[in-house]
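Each chain is listed here by its residues.
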Amino acid sequence: MKKDDSFIALLNKIFPGENCNADNATEFAGRLALKIYPEAEHDKSQDESFASIKTAQNTRTGTYSPEKLNKSPSKKTPRPDPRAAFNKMKELGKKTRFHLDYNDERAERFCAQAEYLKDFVDDYKQTSAFEMYYYEYATYSNMSYSQFRTYFTWRAKVRQGIVENVSPAYAFCYIFELLNGIGTADPADGFDKMIDFWRSFRSYSIAMDRYMLRWTRAYYVVHEKRLAQSYPEYGLRFPIPYSEGDAAVIGEVKACRWDKLDIIEQSSSFKITNGKFYKKFDHDMIEKCVCAVMHELAALFESVGTDLRKLFFEIYQVKITSLFSDAVYRSTDENPGMVQIDQSETIKWEGEECYSEHVDISRYSTIIGYIMKCIEIAMRRYFGFKPELQAPNPYQAERCLINSEAEMADYSWSGPQARIMADWKLKILRLIRGDELGEPIDRAIKQYFRSANIVVNNGKVYEIKPVEIDMSKLETIQSEYEATVEKLIWEETVGAEADSGVLTSLRNSETSSVSFTSPDVSAPRAPESASTLEIRGMDGFVNALSADEKTILAGLLSEGRISASSELLIESINQKALSAIDDNIIDYFEGSPYVYDDYADELKAFAEGWR
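Residues numbered from 1 in each chain as written. Predicted model: local features only at pLDDT ≥ 70, side-chain atom pairs only at ≥ 80, totals over all residues. Heavy atoms only, no water.

1. Structural notes on the nonpolar core
Then step 1. Residues Tyr140, Leu179 and Phe197 are the most contacted members of the largest nonpolar core, which totals 64 residues.
Then step 2. With 10 residues, the single largest contributor to this core is helix H6 (residues 168-179).
Then step 3. In this structure Leu179 touches Met194, Trp215, Tyr219, Phe324, Ala327 and Tyr329, once residues within four positions along its chain are discounted.
Then step 4. Core analysis: the next-biggest nonpolar cluster, separate from the first, contains 62 residues, Tyr278, Val359, Ile368 and Met372 among them. (Core = buried A, V, L, I, M, F, W, Y, C linked by side-chain atoms within 4.5 Å. Buried < 20%, exposed > 50% of the residue type's maximum accessible area, 1.4 Å probe, protein only. Helix = DSSP H or I, 4+ residues; strand = E, 2+ residues; numbered from the N terminus. Contact = heavy atoms within 4.5 Å.)

Here it is in structure tokens:
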């Protein structure tokens, strides 16, 4: 810097009263961090720590004119001013549209603010809590300046996949943004971001759970046509079950064909599978027996003009006042018409009104439980399982079908003829009140025992496997039988006439049939086989009885007393009956033994000849 008069004059102005002159100008310039250099070209490498200043040349007026410094532009993009953004947000929040109700107006203000702040980021170093008793008020308008800066610093990290613990109100504000499409590419992207954020933030707070189940369902209804996945598929990613009941099970109950016990029990207050009876016997056998009974009861209900299926589920309708209840959501004019949420819920519009149709599989659980308990009582009797169950109360089953006090009063006075109730309910009530379920249940169990070849003795269940005969070996069996009979005849030496007659009869028989009739011989006969008894029916059974067995049977038929040690004889009688007629003759599992009514009259005719 040149030490001219104008520069010295400037120094004297800066340091008044210190007598700056040409000799000490360098000292004063140093105090200003300036370096004086001659007008000749100088070494610029020595000026790194000084600002280079050239004095202006003397003008005609003799005045000093300082040279302007041009600063180089900064390469960093200036950050938005948080204070300015905050003030602008507050200003947008003051605008109102008086024709809207409060909730819609609040949503409009929030969306206007969110659109303005959709790209705003901050790097606030502090954290300010944001506590709200009602989370629907967790919006920008209710934030202070420090809360505002905390939220947008936290949101910037969330968008980068970093979810940190903050006050739950901030999380609700972020969800409100996603529900309104702020920060999302499309509805599918918004759904994914909501689920991912919910799963991540839930490790800090579960406050969103009950709200998110409601809002995700509403979001799906509004955007269903623009989403590739079904609601249950989205629900698989939720951190909690999206429905109280299993939609797949509800679907199976609606389409029930009485072929799965676990599906039947979904609608029942009484569970056969929970009891000792089920655990005692073969599970598959019990389940098939119950299903067989349900088929029989379904036919009974159909015969009186009603449907058993009506007891297993009921569809009820609930009006929806707001899809996004308790959410800050800008509603649209879209009306999807009808949206299937899953097997248990459907959203429908009827004009301007919106309704949710739900499937309730537990509405008549008490009456289904009544039927199931009646079935187990009968099954315990047939399977010989002790102890017996106490009979269910039919009044509770009847009360289950009555929905109102008016129905109850009407039904109490006029019984099954009440006309306030639905016709199908009255028909079911008549069946219960008339005790008409017992006979079909018994019949179905007996039929199942016969079809499944099941026999029960002393509480033990046996499955009799049918004998299979290879018809291709029939000729071999016949020839071996003829040879055996011929040998026996010769050994017994029964006489030439009998011998000749039997052999001639056997040899001349057709090869397509086999005769199992023993020859008429005087020698003692071998014990008759089970197959022989089966062919002869009741005659074969009676002929197979011993004298003691006939005495026991005659005593039971005449309702006389029998010996207390007759259990083995009774079991032997039943074994011979099973071989001959495929059924037991005597029931001795409950109380005193007795002969089944189905066979009593026929056996009494035989018993007349035993005396």
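2. A word on the environment of Tyr599
Then step 1. Relative to the helices and strands, Tyr599 is located in helix H25 (residues 597-607).
Then step 2. Taking the C-alpha atoms as reference, Tyr599 lies 9.4 Å from Ile586; in sequence the two are 13 residues apart.
Then step 3. Setting aside residues up to four positions removed in sequence, Tyr599 forms contacts with Met538, Ile581, Asp583, Asn584 and Ile585.

3. Details of the packing of aromatic side chains
Geometry of an aromatic ring pair is reported as the spacing of the ring centres plus the angle between the planes.
Then step 1. Inspection of every chain in the model, using the stated rule, returns 43 aromatic pairs.
Then step 2. Between Trp198 and Phe238, the aromatic rings sit 5.2 Å apart at their centres with planes inclined by 55°, giving tilted as the arrangement. With Trp198 in helix H7 (residues 187-201) and Phe238 in the loop between helix H9 (231-235) and helix H10 (247-254), the pair connects residues that are 40 residues apart, well separated along the chain. This pair shows no difference in class: Trp198 is buried, exactly as Phe238 is.
Then step 3. Between the NZ or CZ atom of Arg83 and the centre of the ring of Tyr145, over which it lies, the distance is 3.7 Å.
Then step 4. Lying over the aromatic face of Tyr137, Arg106 brings its terminal NZ or CZ to 5.0 Å of the ring centre. (Phe/Tyr/Trp six-rings, centres within 6.5 Å; stacked < 30°, edge-to-face > 60°. Lys NZ or Arg CZ within 6 Å of the ring centre and 35° of its normal.)

4. Brief notes about the sheet that holds strand S4 (residues 353-360)
Then step 1. Ordered by their spatial adjacency, four strands build an open sheet running S1-S4-S3-S2, and the pairing between neighbours is antiparallel. Looking along the sheet, the strands with just one partner apiece sit at the ends: strand S1 (314-320) and strand S2 (338-342). Across the sheet, the mean angle separating the axes of adjacent strands is 25° when strand polarity is ignored.
Then step 2. Inspection of the sheet shows S1 paired to S4 by seven bridges, in the antiparallel sense. Looking at the pairing, Gln317 lines up with Glu357 of S4.
Then step 3. Against the sheet, helix H8 (residues 209-223) touches S2 and strand S3 (345-350), its axis set at about 140° to S2. (Pairing = 2+ DSSP bridges. Axes fitted to C-alpha atoms, helices over the stretch in contact; angles between N-to-C directions.)

5. Let's talk about the pairing of S4
Then step 1. As paired elements, S3 and S4 share six bridges and run antiparallel to each other. Note that in S4 the partner of Glu345 across the bridge is His358.
Then step 2. What sits between S3 and S4 in their antiparallel hairpin is a turn of two residues, with Gly351 showing a positive phi close to 70°.

6. Things to note about unusual backbone geometry
Then step 1. The step from Lys386 to Pro387 runs through a cis peptide bond, and the omega angle for that step is -5°.
Then step 2. Locating Pro387 in the fold gives a position in the loop between helix H14 (365-383) and helix H15 (394-400).
Then step 3. A positive phi angle, close to 60°, is found at Trp258, a residue other than glycine.
Then step 4. Trp258 sits in the buried class, given a relative accessible area of 5%.
Then step 5. Of note, Asn453 is a non-glycine position whose phi angle comes to about 55°, a positive value.
Then step 6. Assignment of secondary structure puts Asn453 in the loop between helix H18 (438-451) and strand S5 (454-457).
Then step 7. For Asn453, a relative accessible area of 26% gives the class partly exposed.

7. Regarding the confidence of the model for the protein chain
Then step 1. On average, residues of the protein chain score 79 in pLDDT, and 75% of them are at 70 or above.
Then step 2. Contacts of residues 39-60 to residues separated by more than four positions or lying in other chains number 26 contacts, the stretch itself having pLDDT below 50. (pLDDT = per-residue confidence, 0-100.)

8. A short note on the side chain of Glu357
Then step 1. Inspection of the secondary structure assignment puts Glu357 in strand S4.
Then step 2. Classification of Glu357 as buried rests on a relative accessible area of 18%.
Then step 3. With residues near it in sequence (within four places) discarded, Glu357 still touches Ile315, Tyr316, Gln317, Ser344, Glu345, Thr346 and Lys348.

9. A closer look at the packing of helix H13 (residues 283-303) against H14
Then step 1. Between H13 and H14, whose axes approach to 11 Å, the crossing angle comes to 125°. Viewed along their axes, H13 and H14 adopt a mutual orientation that is oblique. Between H13 and H14 lies a crossing of right-handed hand. Contacts between H13 and H14 involve Met285, Ile286, Cys289, Val290, Val293, Met294, Leu297 and Phe301 on the former and, on the latter, Ile371, Met372, Ile375, Met379 and Phe383. (Parallel < 35°, antiparallel > 145°, perpendicular 65-115°, else oblique. Left-handed = near helix turned anticlockwise from the far one by under 90°.)

10. Points about the pattern of salt bridges
Then step 1. Applying the stated criterion to the full structure yields 22 salt bridges.
Then step 2. When the shortest N-O distance is used, the salt bridge between Lys193 and Asp189 registers 3.3 Å. Placement of both Lys193 and Asp189 in helix H7 is noted, with a separation of four residues, approximately one turn of the helix.
Then step 3. Note on Asp189: relative accessible area 21%, which makes it partly exposed.
Then step 4. Residue Asp284 is joined to Lys288 by a salt bridge in which the shortest nitrogen-to-oxygen separation is 3.1 Å. Of this pair, Asp284 and Lys288 both sit in helix H13, separated by four residues, roughly a single helical turn.
Then step 5. By relative accessible area, Lys288 is classed as partly exposed at 46%.
Then step 6. When salt bridges that share partners are traced, they join Asp192, Asp196 and Arg237 into one network. (Salt bridge = Lys/Arg side-chain N within 4 Å of Asp/Glu carboxyl O.)

11. Description of helix H17 (residues 423-433)
Then step 1. Along H17, eight of the 11 residues are buried, which leaves the element largely enclosed by surrounding structure.
Then step 2. Residues Trp424, Lys425, Leu426, Lys427, Ile428, Leu429, Leu431 and Ile432 constitute the buried set of H17.
Then step 3. Looking one or two residues past H17, Asp435 carries a phi angle of roughly 55°, positive in sign.

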